[in-house]
Amino acid sequence: MTSPTDFTRDPFRLVVLDMAGTTVADGGLVEQAFSAAAQRLGVRPGSDEHARQLAYVRATMGESKISVFRHLFGDEDRAQRANTAFEEAYGELVDAGRIAPVPGAREAVERLASEGRTVVLTTGFARPTQDAILAALGWQDLVPLTLCPADAGGRGRPFPDMVLAAFLRTGAVDDVRRTAVAGDTSYDMLSGVRSGAGIVAGVLTGAHDKDRLTRHGATHVLGSVAELPDLIARAEAAGLPDLAARAGAAGLPAAAARAEA
């Protein structure tokens, strides 16, 4: 049986990374594609309704897009039409060359893989859009597994389902606490915390700032995903504390202990 001391020395063999804003720089294409979709459903750009909806899109960056549209447009038919329009608009922007890797992202993924870690890329987009992004970047064979909400039963972030699907499908680690998660939004942080991942790293290349990432459970905040391999190496060398156990001993929720670490 592995003792708590042994646990803190175990390697992080599973790394689950968000795409847009974390490994992929899209320069605000989500907002542009949303505006195109909203206009197709009769929401006039510049109107109060458009401003209200755009504020919600910004607040829920990282969430499954169909879930966002269900909230904004109510009935399922309108939500599906908005989601289709959004995916089409985003795909056109991708095809026009409007995305690029976050500097150092590919190198970070390749280094993590060379160290024997399994890297999984996740997104809140639908599968056709995720595939279009991977193709545009030439990343189709970069990692062994990519996941969208439909691959994990339909629930995207802030639910932990995609992280747990990566854990179950890869079999890369025996304990979910030996998973590292990285993302640029508060929903990425919540998803990582709820999955039980031992490292939940926020990055500052996307939607949300350090305060928001920390408040939603980030164990660490990095300038970019390029810093993640060194963070994992340091955590393994030092022996990362079992934050869930610390939280229980202190009478705190796990997220609070993570924020204090």
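Here is a short report on the structure shown in this document. These numbers come from a predicted model, not from an experiment.

1. Details of the sheet that holds strand β8 (residues 220–222)
For step 1, the next point in the chain: The strand order across the open sheet formed by 6 strands is β5-β4-β1-β6-β7-β8, and the pairing between neighbours is parallel. Both outer strands of the open sheet, β5 (145–147) and β8, are each paired with one neighbouring strand and no more. Pairs of neighbouring strands in the sheet enclose a mean axial angle of 25°, with direction left out of account.
For step 2, the next point in the chain: As paired elements, strand β7 (residues 199–203) and β8 share 3 bridges and run parallel to each other. Bridge assignment links V203 to a residue of β8, and that residue is L222.
For step 3, the next point in the chain: Where helix α7 (residues 127–137) meets the sheet, it contacts β4 (118–122) and β5, and its direction lies at approximately 135° from that of β5.
For step 4, the next point in the chain: Against the sheet, helix α8 (residues 161–170) makes contact with β1 (14–18), β4, β5 and β6 (179–183), and its axis sits at roughly 155° relative to β5, the strand it touches most.

2. Some remarks on the nonpolar core
For step 1, the next point in the chain: Counting residues in each nonpolar core, the largest one holds 55 residues, and the members touching the most others are L17, F86, Y90, I133 and L228.
For step 2, the next point in the chain: Sorting elements by how many residues they give to this core places helix α5 (residues 76–95) first, with 8 residues.
For step 3, the next point in the chain: With residues near it in sequence (within four places) discarded, L228 still touches V15, L17, L112, A182, A201 and L222.
For step 4, the next point in the chain: In this structure, V16, L145, V173 and V193 belong to the second largest nonpolar core, which totals 20 residues.

3. Details of the environment of F86
For step 1, the next point in the chain: Position of F86 relative to the elements: it lies in helix α5.
For step 2, the next point in the chain: Since its relative accessible area comes to 1%, F86 is described here as buried.
For step 3, the next point in the chain: Sequence separation between F86 and R40 is 46 residues; the distance between their C-alpha atoms is 9.5 Å.
For step 4, the next point in the chain: Contact partners of F86, with chain neighbours within four places excluded, come to V30, A33, F34, A37, K65, F69 and F125.

4. Some details on the packing of aromatic side chains
Aromatic ring pairs are reported here in terms of the distance separating the ring centres and the angle at which the planes meet.
For step 1, the next point in the chain: Going through the model one piece at a time under the given rule, you end up with 6 aromatic pairs.
For step 2, the next point in the chain: Taken together through their ring pairs, the aromatic side chains of F34, F69, F73, F86, Y90 and F125 make up a single cluster.
For step 3, the next point in the chain: Taking NZ or CZ as reference, R178 lies 4.1 Å from the ring centre of F12, over its face.

5. Digging into helix α3 (residues 48–59)
For step 1, the next point in the chain: For α3, with 12 residues, the first-to-last C-alpha span of 17 Å sits near the 16 Å given by 1.5 Å per residue.
For step 2, the next point in the chain: Along α3, the residues that are buried comprise H50, Q53, L54 and V57. Buried positions in α3, seen along its axis, are confined to an arc of 100° and lie on one side of it.
For step 3, the next point in the chain: Against the buried residues of α3 lie α2 (29–40) and α4 (65–73).

6. A few points about α2
For step 1, the next point in the chain: Over its 12 residues, α2 runs 17 Å from end to end, which matches the ideal 16 Å to within 8%, given 1.5 Å per residue.
For step 2, the next point in the chain: Taken as a whole, α2 has its buried residues at L29, V30, A33, F34, S35, A37 and A38.
For step 3, the next point in the chain: Directly after α2, the chain includes G42, whose backbone phi takes a positive value near 95°.

7. Observations regarding the pattern of salt bridges
For step 1, the next point in the chain: Throughout the structure, instances matching the rule amount to 15 salt bridges.
For step 2, the next point in the chain: A salt bridge links D131 to R127; the shortest N-O distance between them is 3.0 Å. Remark: R127 and D131 occur in helix α7; sequence separation between them is 4 residues, near one turn of the helix.
For step 3, the next point in the chain: For D131, a relative accessible area of 35% puts it in the partly exposed group.
For step 4, the next point in the chain: Salt bridges sharing common partners tie together R111, E115, R117, D230 and E236.

8. What to know about the packing of α2 against α4
Between two packed helices, what matters for the description is the angle formed by their axes and the separation of those axes.
For step 1, the next point in the chain: Following both chains from N to C, one finds α2 and α4 inclined at 45°, their axes separated by 13 Å at the closest point. With respect to their mutual orientation, α2 and α4 come out oblique. Judged by the twist between their axes, the crossing of α2 over α4 is right-handed. Every residue of α4 that contacts α2 at V30, F34, A37 and A38 is listed here: K65, F69, L72 and F73.
For step 2, the next point in the chain: Among the residues making up the contact of α2 with α4, the classes are represented as 7 nonpolar, no polar and 1 charged.

Rules and cut-offs
Residues numbered from 1 in each chain as written. Predicted model: local features only at pLDDT ≥ 70, side-chain atom pairs only at ≥ 80, totals over all residues. Heavy atoms only, no water. Pairing = 2+ DSSP bridges. Helix = DSSP H or I, 4+ residues; strand = E, 2+ residues; numbered from the N terminus. Axes fitted to C-alpha atoms, helices over the stretch in contact; angles between N-to-C directions. Contact = heavy atoms within 4.5 Å. Core = buried A, V, L, I, M, F, W, Y, C linked by side-chain atoms within 4.5 Å. Buried < 20%, exposed > 50% of the residue type's maximum accessible area, 1.4 Å probe, protein only. Phe/Tyr/Trp six-rings, centres within 6.5 Å; stacked < 30°, edge-to-face > 60°. Lys NZ or Arg CZ within 6 Å of the ring centre and 35° of its normal. Expected span 1.5 Å × (residues − 1). Arc of directions from axis to C-beta. Salt bridge = Lys/Arg side-chain N within 4 Å of Asp/Glu carboxyl O. Parallel < 35°, antiparallel > 145°, perpendicular 65-115°, else oblique. Left-handed = near helix turned anticlockwise from the far one by under 90°. Nonpolar A, V, L, I, M, F, W, Y, C, P; charged D, E, K, R; others polar.

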